[in-house]
Amino acid sequence: MKLEALFTVTDNKLIKISDNSPYPIEKLKIFEIKWSQIELEAESYNEEYLAQLREDLKKLDDANEFALLVPQVDKSLSSPEDIELFINAYNHCARRIKDCVSVTGYALPAELLKGGLEPGSAARTFIDTVNIKHSQYVYFAKEEDVNNLNLKEKLQDSAIVIY
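Remember, predicted model here, so these are calculated numbers, not experimental data.

Here we look at the overall build of the protein chain
Part 1 of the reasoning: Scanning the protein chain from N- to C-terminus turns up 7 helices and 10 strands.
Part 2 of the reasoning: Scaling as 2.2 N^0.38, a compact globule of 163 residues should have a C-alpha radius of gyration of about 15 Å, and the protein chain matches this with 15 Å.
Part 3 of the reasoning: With the C-alpha coordinates of the protein chain rotated into their principal frame, the extents come out at 45 × 40 × 25 Å.
Part 4 of the reasoning: When each of the 163 residues of the protein chain is scored for burial, the buried share is 45%.
Part 5 of the reasoning: Long-range pairs, those at least 24 residues apart, make up 67% of the contacts in the protein chain between residues at least 6 apart in sequence.
Part 6 of the reasoning: For the protein chain, the accessible surface area stands at approximately 8700 Å², while carbon and sulfur atoms represent 46% of it.

This is the structure:
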């Protein structure tokens, strides 16, 4: 089940497609999701937590409100294997909430952004993996992370919302 995109990105700002108007980030409900909450151990997912997350997001659907999912890196992300597990966990999360219209997309953690958005980078792999089934998602980067990682110029012409 593929959902239609409700948002796009112009000049690193979130735009509501229906009327081409900027959508204030402050109106998004933030869902910080710890990696350890969704992946209990390697490739073993917390389906009970994900079911509750889906219920919470469906309530936002009913209220015509929108959410930003913010992954929290609370386990080691130091090897390519760790990065693969992280990406797979949040891709699994996206599959469990696939029918939630309220989800605008994912924030990209600094740990992924530090390699930029070039092909093969952790952030690009995260986006490309999730986009296979969830092309309606928009991706976000904290302005503080963008500045600390000197990515302002690199992200300037990208489809990343800087918030």
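What to know about the side chain of S102
Part 1 of the reasoning: Mapped onto the fold, S102 is located in the loop between helix 3 (80–96) and strand 8 (103–107).
Part 2 of the reasoning: When its relative accessible area of 1% is taken as the criterion, S102 is described as buried.
Part 3 of the reasoning: Leave out the neighbours within four places in its chain, and S102 touches L57, L60, D61, E65, F66 and A67.

Let's talk about helix 2 (residues 47–62)
Part 1 of the reasoning: Its 16 residues place the ends of helix 2 22 Å apart at the C-alpha level, agreeing with the 22 Å of an ideal helix rising 1.5 Å per residue.
Part 2 of the reasoning: Those residues of helix 2 hidden inside the fold are in contact with strand 4 (29–34), helix 1 (35–38), strand 6 (44–45), strand 7 (67–72), helix 3 and strand 8.
Part 3 of the reasoning: Backbone geometry just downstream of helix 2 places N64 in the positive-phi region, at approximately 55 degrees.

Considering a positive patch on the surface
Part 1 of the reasoning: A contiguous patch of positive charge, built from K2, R95, K98 and K133, is present on the exposed surface.
Part 2 of the reasoning: In this structure R95 comes out as partly exposed when scored by relative accessible area, which is 37%.

Section: unusual backbone geometry
Part 1 of the reasoning: Unlike most non-glycine residues, D11 shows phi in positive territory, near 50 degrees.
Part 2 of the reasoning: Secondary-structure assignment places D11 in the loop between strand 1 (7–10) and strand 2 (13–16).
Part 3 of the reasoning: The residue N150 is not glycine, and still its phi comes out positive at about 55 degrees.
Part 4 of the reasoning: Structurally, N150 can be placed in the loop between helix 6 (143–148) and helix 7 (152–155).

Here's the deal with the sheet that holds strand 2
Adjacent strands of a sheet form backbone hydrogen bonds with each other and so pair up, either parallel or antiparallel.
Part 1 of the reasoning: Here we have 3 strands laid out as an open sheet, ordered 1-2-3, and antiparallel in their pairing. Sheet topology places strand 1 and strand 3 (21–22) at the edges, where each strand pairs with a single neighbour.
Part 2 of the reasoning: Relative to strand 3, strand 2 is paired through 2 bridges, and the arrangement is antiparallel. By the bridge assignment for strand 3, I15 is matched with P22.

Quick look at the sheet that holds strand 8
Part 1 of the reasoning: Reading across from one edge, 4-7-8-9-10 is the order of the 5 strands in this open sheet, with parallel pairing throughout. Of all strands in the sheet, those bounded by a partner on one side alone are strand 4 and strand 10 (160–162). Neighbour to neighbour, the strand axes of the sheet diverge by 30 degrees on average, direction disregarded.
Part 2 of the reasoning: Here 3 bridges tie strand 9 (residues 138–141) to strand 10, and the two strands are oriented parallel to one another. Bridge pairing in strand 10 links A141 to I162.
Part 3 of the reasoning: Relative to strand 4, helix 2 is tilted by about 175 degrees, and along the sheet it contacts strand 4, strand 7 and strand 8.

Calculation rules
- Residues numbered from 1 in each chain as written.
- Predicted model: local features only at pLDDT ≥ 70, side-chain atom pairs only at ≥ 80, totals over all residues.
- Heavy atoms only, no water.
- Helix = DSSP H or I, 4+ residues; strand = E, 2+ residues; numbered from the N terminus.
- Rg over C-alpha atoms; globule rule 2.2 N^0.38 Å.
- Buried < 20%, exposed > 50% of the residue type's maximum accessible area, 1.4 Å probe, protein only.
- Contact = heavy atoms within 4.5 Å.
- Areas by Shrake-Rupley, 256 points an atom, 1.4 Å probe, with all protein chains shown as cover.
- Expected span 1.5 Å × (residues − 1).
- Patch = residues over 30% accessible without salt bridge, like charges linked within 9 Å, V, L, I, M, F, W, Y side chains within 5 Å.
- Salt bridge = Lys/Arg side-chain N within 4 Å of Asp/Glu carboxyl O.
- Lys, Arg positive; Asp, Glu negative; His and termini not counted.
- Charge placed at Lys NZ, Arg CZ, Asp CG, Glu CD.
- Pairing = 2+ DSSP bridges.
- Axes fitted to C-alpha atoms, helices over the stretch in contact; angles between N-to-C directions.

The quantities given are spatial measurements derived from coordinates; they are silent on function.
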